[in-house]
2 protein chains.
Amino acid sequence: MLHITALEKLVHEMSRLPGIGPKTAQRLAYFILKSETEFPERLSEALLRVRAEVHECPRCFNFTDADLCRYCLDVHRTDDALCVVEEPSDIMRIESSGAFRGRYHVLHGAISPLEGIGPKELKIHELIDRVDAGLRGESPVIKEIILALDADLEGDTTILYLAKQLQGKGLKLSRIAHGVPIGSDIDFIDDRTMGRALQNRVEL
Amino acid sequence: MLHITALEKLVHEMSRLPGIGPKTAQRLAYFILKSETEFPERLSEALLRVRAEVHECPRCFNFTDADLCRYCLDVHRTDDALCVVEEPSDIMRIESSGAFRGRYHVLHGAISPLEGIGPKELKIHELIDRVDAGLRGESPVIKEIILALDADLEGDTTILYLAKQLQGKGLKLSRIAHGVPIGSDIDFIDDRTMGRALQNRVEL
């Protein structure tokens, strides 16, 4: 109990952030109280501004502050290939690898019956629409779709569902490879990863 | 690089919080973007409100949203004893032990020549004034001062300094005991703590 309403309110709101428990929230709140005069104002303004300016790109559902996101607008990218990801933050991981120069589509999650997230809660309908619009000649034809979803149960379920929905549309459909991470020690690889790495071995 | 000014600004401000690196700040910023509509507004308001309403108690320098803090106002506490702490958050630790029912004085730090924090940067002058005001009969006489400062170099330095400043004022001056924490295994106690626990052994 802090016995100061405003301070307790700040601790309460801070502790709603992921990975921030009540103890950490309290430490952060005291830091904010003791910080230079402009910091709380600047953080407060940044919070309001991000909500006012940032929205989903209407084409790929990445976050953007413009009409379309920078990956949809980039004329140096091919329209042939589409990479499907769960979250906008996943795009950065793929971009920094430099191995993909096509367009993106963000699902905003993965199918998870336990959490009540079905296909309708995700941008799957919009993905099918993008493919169909290409087939109808209303937009550039998508020739390949790469599914870069998380390597967990929800990711796998979503991949199975998408594969069913997208079949028969003349697409090359793939998922990113699972295997031993570069630079890692074979000793520390778990059984399932090793099994997948052996199954998907690449001929030399 | 997020390539969205408002998002980058939020990540930048969040990463100024203690223990929040750029990666965590980015995760928090994405969480805020995806959160229910009112959350950023509520957090933003809580930040501004804490700064507007919470200030230092003019008597003990604890944080408060009233004229005097609740410990200075509490009529059930004795004026005889004063507990000196480094930070307002330390008061809660002492309060929840239930072992002290006197008044507090917050120094807002400890002497640290390496960080450029000398006695003048702390509420030491104000502490001496409180003691002197009691001696002059302008306020209740303080009979005992307990120094509950951190058990580190800065805390020890501050205790030495305060002991010198407060001597000759007819006070009982003490520091909280160092020793083996309750419930801990003797095997895991460090040498200095064990040394102190032996030195300050209590007769049965």
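Whatever comes next refers back to the structure up there.
Described below are features of the structure shown in this document. (Residues numbered from 1 in each chain as written. Chains lettered and ligands numbered in written order. Predicted model: local features only at pLDDT ≥ 70, side-chain atom pairs only at ≥ 80, totals over all residues. Heavy atoms only, no water.)

### What to know about the relation of the copies chain A and chain B
When chain A is fitted to chain B, the best match, at an RMSD of 0.1 Å, comes from turning it 180° and sliding it 0.0 Å along the axis. Expressed as a symmetry operation, the mapping of one chain copy onto the other fits a two-fold axis. Ranked by how close their C-alpha atoms come to the rotation axis, the residues of chain A are headed by Ser44(A), at 2.1 Å. A symmetric contact is evident, with 100% of the interface residues of chain A recurring at the interface of chain B. (Least-squares fit on C-alpha atoms with pLDDT ≥ 70 in both. Contact = heavy atoms within 4.5 Å.)

### Some words on the interface of chain A and chain B
If you look at the interface, chain A gives 50 residues, while chain B gives 50 residues. Here chain A and chain B share an interface that buries about 5100 Å² over both sides, 68% of which is from carbon and sulfur atoms. If you sort the residues of chain A by the area they bury against chain B, Leu33(A), Leu47(A) and Arg51(A) come out on top, with a joint share of 14%. Across the chain A-chain B interface, the total number found is four salt bridges. The shortest N-O distance in the salt bridge between Arg42(A) and Glu13(B) comes to 2.9 Å. Our enumeration of links across chain A and chain B arrives at 11 residue pairs in polar contact (both at pLDDT 80 or more). For the side of chain A that touches chain B, the leading source of residues is helix 3 (residues 39-53) of chain A, giving 13 residues. Of the residues belonging to the side of chain A that touches chain B, the class tally is 27 nonpolar, nine polar and 14 charged. (Buried area = accessible area lost by both parts, 1.4 Å probe. Salt bridge = Lys/Arg side-chain N within 4 Å of Asp/Glu carboxyl O. Polar contact = N/O pair within 3.5 Å; in protein donor to acceptor, adjacent residues only side chain to side chain. Helix = DSSP H or I, 4+ residues; strand = E, 2+ residues; numbered from the N terminus. Nonpolar A, V, L, I, M, F, W, Y, C, P; charged D, E, K, R; others polar.)

### Let's talk about the pairing of strand 6 (residues 172-175) of chain B
Residues and elements named next belong to chain B. Two elements, strand 5 (residues 144-148) and strand 6, share four bridges in a ladder whose sense is parallel. When the sheet's bridge partners are listed, Leu147 is paired in strand 6 with Arg175. Viewed along the sheet, the connection from strand 5 through helix 7 (residues 153-166) into strand 6 turns out right-handed. (Pairing = 2+ DSSP bridges. Right-handed = clockwise from strand over helix to strand, strands pointing away.)

### Side note on the sheet that holds strand 3 (residues 81-85) of chain B
All names here are of chain B. Strand order in the open sheet formed by four strands is 4-3-5-6, with parallel pairing between adjacent strands. Looking at the sheet topology across the chains shown, the edges are occupied by strand 4 (103-106) and strand 6. Each strand axis lies, on average, 20° off the axis of its neighbour in the sheet, ignoring direction. Where strand 3 lies against strand 5, five bridges are found, and the strand directions are parallel. The residue bridging Ala81 from the neighbouring strand is Glu144, located in strand 5. Together, strand 3, strand 4 and strand 5 form the strand contacts of helix 5 (residues 88-97), whose direction differs from that of strand 4 by roughly 150°. Of the strands in this sheet, strand 3, strand 4 and strand 5 touch helix 6 (residues 124-135), which is tilted by about 150° from strand 4. (Axes fitted to C-alpha atoms, helices over the stretch in contact; angles between N-to-C directions.)

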